[in-house]
Amino acid sequence: MFVPRWHFPMLADTARNSAYAEAIAAKVRPGDVVLDIGCGAGLTAMLAARAGAKHVYTCEQQPLIAQAALKVIEKNGLSDRITVIPKLSHNLVIGVDIPELADVVISEIVDTVLLGEGALATLTHAISALAKPDARAVPERGTLFAQLVESDQLLDLWQPLEAEGFDLSGFHHLASVAQITPNDFAACGLRPLGPATDLFQFDFTKPNVRPARTTEALSCSGCGTIHAVFVSFEMELAPDIIVTNGLQSSGHWGRTAFLLDHPRSALAGDRVKVTAQHDSAQLSLSVHAPVSGTDDATQALLRAKQALHTQPPLRDDCDLSIMAQSKWHPTDARNGHSYH
């Protein structure tokens, strides 16, 4: 149980693996020294060696995982070209652990909102202290998006109204951030009510840990009931090589949704303002009162028609301020383990 469960579905994620293989082959050149942060089973380190790296130094803080990676690397005949260092990358010293600065830095240390595994702080240190000034990185960039979604099933799963005849609504405020496993994501059928809007962009080749804040208006392109603000990421591993956990994606990634304290009916043209902010490891998001996209008379008529088959609009003046606790993993969500 010292090994996070998400390692296993991650290794079975063929789309993710092939994207990293393609990106590493594009970035690593013959003779390169490569630093691989977060060894895991050794896959990305072996991909770098296969791409022609002179030597790969891969670090892993969990001793059991580091020992297993050594066996995997040995079985694949790459022990002479890959060194496994059982340390955090923050503790690596050039001239002691690694003989020279790296030409390429490879990592896959993001969670469902990119921040929860400390990627920004880790890469800020690695790029500045362990890599050459012109070092290449995999991934290169990341973007966080937000969009309005509808899903009765998501609400039933995270905010059930009752159990055995007892009212559970007093517990709902503790379930304001839904950490959605891949299986739950498939079952909940989240329906987008509008396009995804950029929140933040991160440059992993020149990372920093400065906090940021933004306010955006999320738009509705159709009628429905807003249950949550869905936050997803897109990572560009190398030019035109993308991995994502958006609504149309599959694979091992979990998802994050910020639940409204009350569902709100929405019409095409409506907008909901959100304020998001992050530090080096966490994301928070507040939902403000919606902004109507149509005149009052049209709104009243459309809402009357919509009320025949959807929930009526509820309080519009409520505010939601919630923090994404993003250290979870898909198979261990109910045990409080990390969510990748």
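Please refer to the structure placed before this passage.
Definitions and limits used
- Residues numbered from 1 in each chain as written.
- Predicted model: local features only at pLDDT ≥ 70, side-chain atom pairs only at ≥ 80, totals over all residues.
- Heavy atoms only, no water.
- Salt bridge = Lys/Arg side-chain N within 4 Å of Asp/Glu carboxyl O.
- Helix = DSSP H or I, 4+ residues; strand = E, 2+ residues; numbered from the N terminus.
- Buried < 20%, exposed > 50% of the residue type's maximum accessible area, 1.4 Å probe, protein only.
- Phe/Tyr/Trp six-rings, centres within 6.5 Å; stacked < 30°, edge-to-face > 60°.
- Lys NZ or Arg CZ within 6 Å of the ring centre and 35° of its normal.
- Core = buried A, V, L, I, M, F, W, Y, C linked by side-chain atoms within 4.5 Å.
- Contact = heavy atoms within 4.5 Å.

Moving on, we come to the pattern of salt bridges. The tally for this structure, following the rule as stated, stands at 9 salt bridges. For Asp97, the salt bridge is made with Lys87, and the minimal N-O distance between the two is 2.9 Å. You can see Asp97 sitting in the loop between strand S3 (82–85) and strand S4 (102–107) and its partner Lys87 sitting in the loop between S3 and S4, a full 10 residues away along the chain. Where Lys132 meets Asp103, a salt bridge forms, and the shortest distance between an N and an O atom there is 2.8 Å. Residue Lys132 is found in strand S5 (residues 131–138), and its partner Asp103 is found in strand S4; the two are separated by 29 residues along the sequence. The class for Lys132 is partly exposed, based on a relative accessible area of 26%. With a relative accessible area of 12%, Asp103 lands in the buried category. Sharing partners across several salt bridges, the network here consists of Lys27, Glu140, Arg141 and Glu236.

This paragraph deals with the packing of aromatic side chains. The full count for this structure, using the stated rule, is 2 aromatic pairs. Relative to Phe230, the ring of Phe185 lies with its centre 6.4 Å away and its plane at 20°, an arrangement referred to as stacked. Taken together, the positions of Phe185 in helix H7 (residues 182–188) and Phe230 in strand S13 (residues 224–238) put the pair 45 residues apart, joining distant regions of the chain. Summarising the aromatic geometry, the rings of Phe233 and Trp253 are spaced 5.0 Å apart at their centres and angled 85° between planes, so their arrangement reads as edge-to-face. Here the residue Phe233 occupies a position in strand S13, and Trp253 occupies one in the loop between strand S14 (241–244) and strand S15 (255–266), the gap between them amounting to 20 residues. In this structure, Phe233 and Trp253 share a single accessibility class: buried. The side chain of Arg16 reaches across the aromatic face of Tyr20, ending 5.2 Å from its centre.

Grouped together as the largest cluster of nonpolar side chains are 76 residues, with contacts concentrated most on Leu144, Val229, Met235, Leu237, Leu283 and Leu285. Considering each element in turn, this core owes the most residues, 7 residues, to S13. When sequence neighbours within four positions are dropped, the list of residues in contact with Val229 reads Ala146, Gln147, Leu148, Leu218, Thr256, Ala257, Phe258, Leu260, Val274, Leu285 and Val287. If you look at the next biggest cluster of nonpolar residues, it comprises 12 residues, including Val149, Ala178, Cys188 and Leu247.

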